[in-house]
Every structure is written in structure tokens, then in C-alpha cells.
Amino acid sequence: MKKAKSFKISKGVVVKAWRQVKANQGAAGVDRETIADFERNLKDNFYKIWNRMSSGSYVPPQVRTVAIPKKTGGERVLGIPAVSDRVAQMVVKLYFEPKVEPHFHEDSYGYRPGKSAIQAVDITRKRCWRYNWVLEFDIKGLFDNIDHELLMRAVRKHTDSKWILLYIERWLKVPFQKDDGTQVERTKGTPQGGVVSPVLSNLFLHYVFDNWMKRNHPKLPFCRYADDGIVHCRTESETLMLREALEIRFRECRLELHPEKTRIVYCKDSKRREDHSSKSFDFLGFTFRPRPSKNRRGEYCINFSPAMSNKAGKMMRQKMRRWNLHLRSDKSLEDFSRIFSPVIRGWINYYGSFYKSALYTTLRHLNTILVRWARRKFKRLKHHLIKAVYWLRRIAKRQPNLFPHWQTGIRPTAG
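On a predicted model such as this, the values are computed, not experimentally measured, just so you know.

Asks: Give me the pairing of strand 11 (residues 300–308): which residues, what numbers.
Replies: Regular strands place side chains that alternate from one sheet face to the opposite one. Across 9 bridges, the pairing between strand 10 (residues 286–294) and strand 11 is antiparallel. In the sheet register, Arg289 faces strand 11, and the bridge partner there is Ser305. Linkage of strand 10 to strand 11, two consecutive antiparallel strands, is achieved through a turn of 5 residues, within which Gly298 is found at a positive phi near 80°.

Here it is in C-alpha cells:
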């Protein structure tokens, strides 16, 4: 007679969790097992995860840490769980997320099904037209500093499932392991890179910020994407008072507003006569600032609107350079199209959503790189820049669908 399992967990959910983990790809954890390695023994791996989770004996392995550079300088430490642990975390997420998702605020946009960064930028844009002032805030080291006791209190509000509570607590406490084998014990935070971390951080900030704003400042609309947020205010004094109140609130919840990234901004346009030293802010890769535009009557005016930020443009150009196209003379334009078009299309779809012309300079840079590649690949073009430009231009005219930016009209020019 088979022994009954302590917890009722569906085998089908384990399979579903694996499919999502595989789709997300990702690096190997401390055991160095890759997605492909895991897949070679799929049936046995499914059974081990299901059996251990169902019996209550599943203990997560240590989390491998990787330091990546921040856009603003310094490093961010990512936690990379093992592939098997990502599957286990996804199992919990699939059970737990539907319990909390209906309670989340409509203006929380990060890491949520049916929500996107573009939606967050769009609603922020519309509110900047209605409200003169903005409080831009950033939470310092959110994923590293979430208080475990407060987080578990929030988790228990939404589930009494013993196995979900058990495994979330274990994931919160599992040590980090550096590449040199050093272990780092953890008493706070949830690994940035963990599958279940986004929903846990959203739940934490739901009570720390979203619900608090709804209760204490119901007339001030906000938009939050993970640890970045925007609150719209009517006056400068109202914005100053809110900043002070938020600093107190976050300290109470053992978090801290980033002193340099939390700022008061005046949404200057043609009709607003006040002045302030800060008249722009960055949010989700876009810079909001006064920009020339036409109103409905076709008259020129100044509008406070978003466009791709300089930082985002720099990031795109750096990525293009890392492709090293000029060193890949064994490849054809068709090869480059197949490899890089999805990335280029993603940039255009995202950053081209608002004030599309801000994207053009960066896309032209890609044409310059392609010309450089052509001059290295073809001897007849090596010493003839203009000839190489016209060669590429003819191809762009003949095959405009080869690259997404050519389809938008950004084709090689001699100037």
C-alpha cells in the first residue's frame, strides 16, 4: 500500500511549470545543470520534484550569484536558482499567484499577467498632462532588503496552504553561493532572479505602498513598476509633503527610498507658467520632458511627453557593437536578418511607441555598422565608403523587409 503524500500537488502542474521554465531559458545554477541537461532525464526529474514537494521533503539548493553592471554604475547581484529549483518555484507560483493577483492595485504594472511597461508609460503620460507635479521614487535595493517577517505576514493573508508557506520560507532563507564557493547566509531579501520573487515583491509593495496610497492619498494617482514609481500631485507643497510621508512609511517597513533617484519634477508645458530646476524624469527607458508638438488645431506647442531615453539609446548601441558584425565576414545580410531582426523589432515596438523619431539616430547607427561590415567583406568596397553606402542602399530599396528598421524607412544614406 502506497503511503499518502503530505501535500496534494498535481503532477500536471509540475509539467506546466517545466514548460514555462524552459520557455524562459536562463543560466545554470550551482549544480551547473542546464535546461538541456535537465531535459535529458525529464521523466525522472519530474517525479523527483513532485515526490519531494508532495512529501514535504523538498529542500532548495543554494542560489548561485552573478554580478551584472547597473546602467547607473556599480553592480547588481542576481540570484540564479538551479533549473530543478526554478521548476519547483514555478509550481508554487502557479498555485499562489492566482490567489493574490485579484487583490493587486490596477496601477501596479511590473511582473503581472496582462500588464506591461508600455501601459505604465502610457498612463503616466496622460496623467502628466492633467497634473503639474510628479514625485519620482525608487526603492533602494528592494530585492535585497525585503523583511522576511513582514513578507510572510502578507503571504499568510492570502493562503493557509501549509506547503506553499513551507517552501516560500525555505526559499527566503536558502544561502547564496559565490563562484568561489563562499556561502552567504540570508536574513532578508528575496533573490532577484528567482521565479517566485516577482510575485512576492509585488505582494510586499502592495501593502507597503499601493494599499497605503489608496488609504491615505486616494486622490493622488500613481503608477508603480516593481521598485520604480511615479506619483502625480497638484502642487509643489503637496509633492514635498508626500515625499516626507513616503520616507517615513518606507522606514516603518524597513525599506529606504533611494536619495538620488527620488525627485520632485515639474511637468512643464506651454500653459504652465511656474518654474523648477527639475523638468524631466526617466521611467522605464523613456525620458519625460517638455517637447515640441502640434495640438489638435495643428498649432505648434510644448507638450510634456515621453521619448526613448539617452540611456536606452546608449544601451542599444553598446549591444549592437557587441554583435561584432564587422568581424563576421563569413555571414550574409540574410544571416544577420535572421539572427538580429527579433531584437531590432523588439526595440522598435517598445521605444517607438511614443515620439518615434527619437529612435531614428540609434537605428541609423545600425546602418553604419552594416556598411562597415560590407567594406570588410567585399574587397571592391574596402576603400570606398560612399560606394559601400550606395551598395547597401540599393539592397534596402530592393529588399526593404530584410531588416525591421528598413521597413520603417530608416535606410542607408550617404549623409
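More follows now that the structure is in view.
Asks: So what's going on with the pattern of salt bridges? Which residues, and what values?
Replies: Overall, the coordinates contain 17 salt bridges when judged by the stated rule. The shortest N-O distance in the salt bridge between Arg112 and Glu101 comes to 2.6 Å. One end of the pair, Arg112, is in the loop between helix 4 (83–100) and helix 5 (117–130); the other, Glu101, is in the loop between helix 4 and helix 5, with 11 residues separating them in the sequence. We note that Arg112, like Glu101, is buried. For Asp107, the salt bridge is made with Arg127, and the minimal N-O distance between the two is 2.9 Å. Residue Asp107 is found in the loop between helix 4 and helix 5, and its partner Arg127 is found in helix 5; the two are separated by 20 residues along the sequence. Overall, the relative accessible area of 6% leaves Asp107 in the buried class. Taking relative accessible area as the criterion, Arg127 reaches 9% and is therefore assigned buried. One salt-bridge network, held together by shared partners, links Asp122, Arg125 and Lys126.

Asks: So what about the sheet that holds strand 6 (residues 222–225)? Which residues, and what values?
Replies: Pairing between the strands of a sheet is mediated by backbone hydrogen bonds and can be parallel or antiparallel. Pairing in this open sheet of 4 strands is antiparallel, and the strands run 6-7-3-8 from one edge to the other. Both edges of this open sheet fall to strand 6 and strand 8 (263–266), since each of them pairs with a single strand only. Recorded for the sheet is a direction-independent mean angle of 20° between the axes of neighbouring strands. Running over the sheet, helix 9 (residues 197–216) touches strand 3 (133–138), strand 6 and strand 7 (228–233) and is turned about 170° from strand 6. Where helix 10 (residues 236–252) meets the sheet, its contacts fall on strand 3, strand 7 and strand 8, and the angle it forms with strand 3 comes to roughly 20°.

Asks: Explain a nonpolar patch on the surface residue by residue, including any values.
Replies: Side chains of Leu385, Ile386 and Tyr390 sit close together on the surface and give an oily, nonpolar patch of about 270 Å² of accessible area. Considering the arrangement of structural elements, one finds Ile386 in helix 14 (residues 385–398). Residue class for Ile386 comes out partly exposed when judged on its relative accessible area of 44%.

Asks: Explain the packing of aromatic side chains residue by residue, including any values.
Replies: Applying the stated criterion across every chain, the model contains 27 aromatic pairs. Pairing Tyr95 with Trp163 gives two aromatic rings, centres 5.0 Å apart and planes at 90°, and the pair type is edge-to-face. Here Trp163 lies in helix 8 (residues 162–173) and Tyr95 lies in helix 4, a separation of 68 residues in the sequence. Residue class for Tyr95 comes out partly exposed when judged on its relative accessible area of 25%. The exposure class of Trp163 is buried, given its relative accessible area of 7%. When the centroid spacing of 5.7 Å and the interplanar angle of 80° are considered together, the rings of Phe286 and Phe354 count as edge-to-face. Residue Phe286 is found in strand 10, and its partner Phe354 is found in the loop between helix 12 (333–351) and helix 13 (360–377); the two are separated by 68 residues along the sequence. Each of the two residues, Phe286 as well as Phe354, counts as buried. One aromatic cluster is present, built from ring pairs that chain together Trp323, Phe336, Phe340, Trp347, Trp373, Phe378 and Trp391. Sitting over the face of the ring of Tyr109, Lys115 holds its NZ or CZ atom 4.6 Å from the ring centroid. For Arg186, the ring lying beneath its charged end belongs to Phe176, and the centroid distance is 4.8 Å.

Asks: Give a detailed account of unusual backbone geometry, specifying residues and quantitative values.
Replies: One non-glycine residue, Arg32, adopts positive backbone phi at about 65°. For Arg32, the position within the fold is in the loop between helix 1 (11–24) and helix 2 (35–40). On the basis of relative accessible area, Arg32 is assigned to the partly exposed category, the value being 47%. In this structure, Leu284 is a non-glycine residue whose phi angle is positive, near 55°. Among the secondary structure elements, Leu284 is positioned in the loop between strand 9 (281–283) and strand 10.

Asks: Now, about helix 10: what can you tell me, with residues and values included?
Replies: Between its terminal C-alpha atoms helix 10 stretches 25 Å, which fits the 24 Å expected from 17 residues at 1.5 Å a residue. Listing the buried residues of helix 10 in full gives Glu238, Thr239, Leu242, Leu246, Arg249 and Phe250. Seen from one end, helix 10 has its buried residues packed into an arc of 95°, which puts them on one side. Every exposed residue of helix 10 that faces more than 90 degrees away from the buried side is listed here: Met241, Glu244, Arg251 and Glu252. In the core, the buried residues of helix 10 are packed alongside strand 3, helix 9, strand 7 and strand 8. Following helix 10 by one or two positions, Arg254 has its phi on the positive side, about 65°.

Asks: I'd love a proper account of the packing of helix 7 (residues 148–158) against helix 9, names of residues and values included.
Replies: Between two packed helices, the angle of one axis relative to the other and the distance separating the axes together describe the packing. Two elements in contact, helix 7 and helix 9, have axes separated by 9 Å at closest approach and are oriented at 95°. Taken together, helix 7 and helix 9 sit at an angle that is classed as roughly perpendicular. Between helix 7 and helix 9, the residues in contact are Leu150, Leu151, Ala154, Val155, Lys157 and His158 and Leu200, Leu203, Phe204 and Tyr207, respectively. When its residues are assigned to classes, the contact of helix 7 with helix 9 shows 8 nonpolar, 1 polar and 1 charged.

Asks: I'd like a rundown of a positive patch on the surface, residues and numbers included.
Replies: On the surface, Lys314, Lys319, Arg321 and Arg322 cluster together to form a positively charged patch. Mapped onto the elements of the fold, Arg321 is located in helix 11 (residues 310–322).

Conventions we followed
Residues numbered from 1 in each chain as written. Predicted model: local features only at pLDDT ≥ 70, side-chain atom pairs only at ≥ 80, totals over all residues. Heavy atoms only, no water. Pairing = 2+ DSSP bridges. Helix = DSSP H or I, 4+ residues; strand = E, 2+ residues; numbered from the N terminus. Salt bridge = Lys/Arg side-chain N within 4 Å of Asp/Glu carboxyl O. Buried < 20%, exposed > 50% of the residue type's maximum accessible area, 1.4 Å probe, protein only. Axes fitted to C-alpha atoms, helices over the stretch in contact; angles between N-to-C directions. Contact = heavy atoms within 4.5 Å. Patch = residues over 30% accessible without salt bridge, like charges linked within 9 Å, V, L, I, M, F, W, Y side chains within 5 Å. Areas by Shrake-Rupley, 256 points an atom, 1.4 Å probe, with all protein chains shown as cover. Phe/Tyr/Trp six-rings, centres within 6.5 Å; stacked < 30°, edge-to-face > 60°. Lys NZ or Arg CZ within 6 Å of the ring centre and 35° of its normal. Expected span 1.5 Å × (residues − 1). Arc of directions from axis to C-beta. Parallel < 35°, antiparallel > 145°, perpendicular 65-115°, else oblique. Nonpolar A, V, L, I, M, F, W, Y, C, P; charged D, E, K, R; others polar. Lys, Arg positive; Asp, Glu negative; His and termini not counted. Charge placed at Lys NZ, Arg CZ, Asp CG, Glu CD.

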